[in-house]
Amino acid sequence: MVHQYSSGPRLSPSGYEEDIRAVLAPRLAYFEAVARHEHVTRAAHELGVPQSTLSRAMVRLEQDLGVALFARRGRTVSLTPAGRTFLGSAERALAEVEKAADSVRADADPTAGKVAFGFLHTMGSETVPALIRAFRADHPRVRFQLVQNYGEAMIERLRAGGLDLCLTSPVPDAPDLVAMRLDEQRLRLVLPDDHRLAGRRRIRLAEAADETFVTLEPGYGLRRITDDLCAEAGFTPRVAFEGEEAETLRGLVAAGLGVALLPPPAVARPGVVELTVTAPRAAREIGVAWLDGHPDTPPVAAFKRFLLSRRGSLLPD
């Protein structure tokens, strides 16, 4: 049987790239099987499709490409030079598809899957390691892809599909997210140990109105909380430095560059004193957020349940 091929592909020039993917993708496995067996009937048996269906699919593939891929002798076929070139690319494409399928199946495995989990910088030294250690006591093979960042950046990554869950503050309020409050963390006014107020244990934030502050950069949740608390106390803080990490700020306070509102450290730092703020009430809520309507894999669902079970006891004593 002789097949006629046009000098160019039958696909429309407009949107060719989109069309060619739609045309080729479903047929690559068919083509690879026929090329491997060099026999249409045996390939059809392996694929579980009628021989006539497979023959028509190969003819249509050649017509769409405008290239003869096979030399035919009855149901026995052999690859043309163009067919051999196409086979190499088809095998690589199918291998990538198989690799992708294996990867997503592995990530969804209930016992050894993956959780993409984001958390604040201030949660990284103690809170998150303790959470993962406790979770893996019952789920030892679950893998974690960890992302440490500030709140707004994590929410953006959550929306882009790069995270399954994130631990953040303030607890976000958005229609496309589900967010659950897990715990509360008191903030302290951190002073150099030679500061005039260093002998105090408690302070009203208004008493620091004339101080210079070191803070996190705009966009960080703790910066927003600091600005809001200072406004509630009746002043706008004078900012000497804007950083990205709480412990850096604590070090700058020790160096005398200013004061800061910070959560308690994992380990006490020399050179500073930390005062309880009595007014306004200085605290931040810690919560977990995920995309509304986003289906969970079994390991993500298990870790979500674990986090929600830690309400009120998320943070170390």
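To start, this report covers the structure provided alongside it. (Residues numbered from 1 in each chain as written. Predicted model: local features only at pLDDT ≥ 70, side-chain atom pairs only at ≥ 80, totals over all residues. Heavy atoms only, no water.)

## Thoughts on the environment of L191
Point 1. Structurally, L191 can be placed in strand β7 (residues 188-192).
Point 2. The buried category is assigned to L191, whose relative accessible area is 0%.
Point 3. Remark: the alpha-carbon pair of L191 and E91, spanning 100 residues in sequence, is separated by 65 Å.
Point 4. Aside from chain neighbours lying at most four places away, what touches L191 is L197, A198, V253, V259, G271, V272, V273 and L275. (Helix = DSSP H or I, 4+ residues; strand = E, 2+ residues; numbered from the N terminus. Buried < 20%, exposed > 50% of the residue type's maximum accessible area, 1.4 Å probe, protein only. Contact = heavy atoms within 4.5 Å.)

## Some words on the nonpolar core
Point 1. The biggest cluster of nonpolar side chains holds 35 residues, and the ones touching the most others in it are F117, L167, F303 and L307.
Point 2. Elements that contribute at least two residues to this core include exactly β3 (114-119), α6 (127-136), β4 (143-148), α7 (151-159), β5 (165-168), β6 (177-186), β13 (283-291) and α10 (298-309).
Point 3. In terms of nonpolar packing, the next biggest core, distinct from the first, is built from 28 residues, V214, Y220, L229 and A246 among them. (Core = buried A, V, L, I, M, F, W, Y, C linked by side-chain atoms within 4.5 Å.)

## Observations regarding the sheet that holds β5
Point 1. Pairing is mixed across the open sheet formed by five strands, whose spatial order is β4-β3-β5-β13-β6. Only two strands of the sheet have a single partner each, and these edge strands are β4 and β6. Looking at each pair of strands side by side, their axes are set apart by 20° on average, direction ignored.
Point 2. As paired elements, β6 and β13 share nine bridges and run antiparallel to each other. Across the sheet, the residue bridging to V178 is W290, located in β13.
Point 3. Lying on the sheet, α7 is in contact with β3, β4, β5, β6 and β13; it crosses β5 at an angle near 165°.
Point 4. Taken strand by strand, α10 contacts β3, β4, β5, β6 and β13, and its axis lies near 40° from that of β3. (Pairing = 2+ DSSP bridges. Axes fitted to C-alpha atoms, helices over the stretch in contact; angles between N-to-C directions.)

## Here we look at helix α4 (residues 51-65)
Point 1. With 15 residues, α4 ought to run about 21 Å at 1.5 Å a step, and its terminal C-alpha atoms sit 21 Å apart, in line with that.
Point 2. Of the residues making up α4, those classed as buried are L54, A57, M58, V59, L61, E62, D64 and L65.
Point 3. Following α4 by one or two positions, G66 adopts a phi angle in the positive range, close to 75°. (Expected span 1.5 Å × (residues − 1).)

## Side note on α6
Point 1. Along α6, the residues that are buried comprise T127, V128, L131, I132 and F135. Relative to the axis of α6, the buried residues are bounded by an arc of 125° and lie together on one face.
Point 2. Contacts made by the buried residues of α6 are with β3, β4, β5 and α10. (Arc of directions from axis to C-beta.)

## Examining the packing of aromatic side chains
Point 1. Applying the stated criterion across every chain yields a total of eleven aromatic pairs.
Point 2. On the basis of an interplanar angle of 65° and a centroid distance of 5.0 Å, the ring pair of F31 and F86 is categorised as edge-to-face. With F31 in helix α2 (residues 28-37) and F86 in helix α5 (residues 81-107), this pair connects stretches of sequence that are 55 residues apart.
Point 3. Take F31: its relative accessible area is 0%, and that puts it in the buried class.
Point 4. For F86, a relative accessible area of 18% translates into the label buried.
Point 5. Plain terms: the ring middles of F144 and F303 are 4.9 Å apart, the flat faces sit at 75° to each other, and that makes the pair edge-to-face. Of the two residues, F144 sits in strand β4 while F303 sits in helix α10, which places them 159 residues apart along the sequence. (Phe/Tyr/Trp six-rings, centres within 6.5 Å; stacked < 30°, edge-to-face > 60°.)

## Quick look at the layout of surface pockets
Point 1. Size it by volume and the largest pocket reaches roughly 420 Å³.
Point 2. Taken together, 22 residues make up the lining of the largest pocket; nearest its centre are T122, Q185, P264, P265 and A266.
Point 3. Looking at the lining of the largest pocket, the elements that each hand over two or more residues are β6 and α9 (246-254).
Point 4. Of the residues belonging to the lining of the largest pocket, the class tally is nine nonpolar, five polar and eight charged. (1 Å grid on protein atoms, 1.4 Å probe; cavity = no way out; pocket = protein on both sides within 12 Å on 5 of 7 lines; lining within 4 Å. Points joined across faces, edges and corners; volume = space filled by probe spheres on them. Nonpolar A, V, L, I, M, F, W, Y, C, P; charged D, E, K, R; others polar.)

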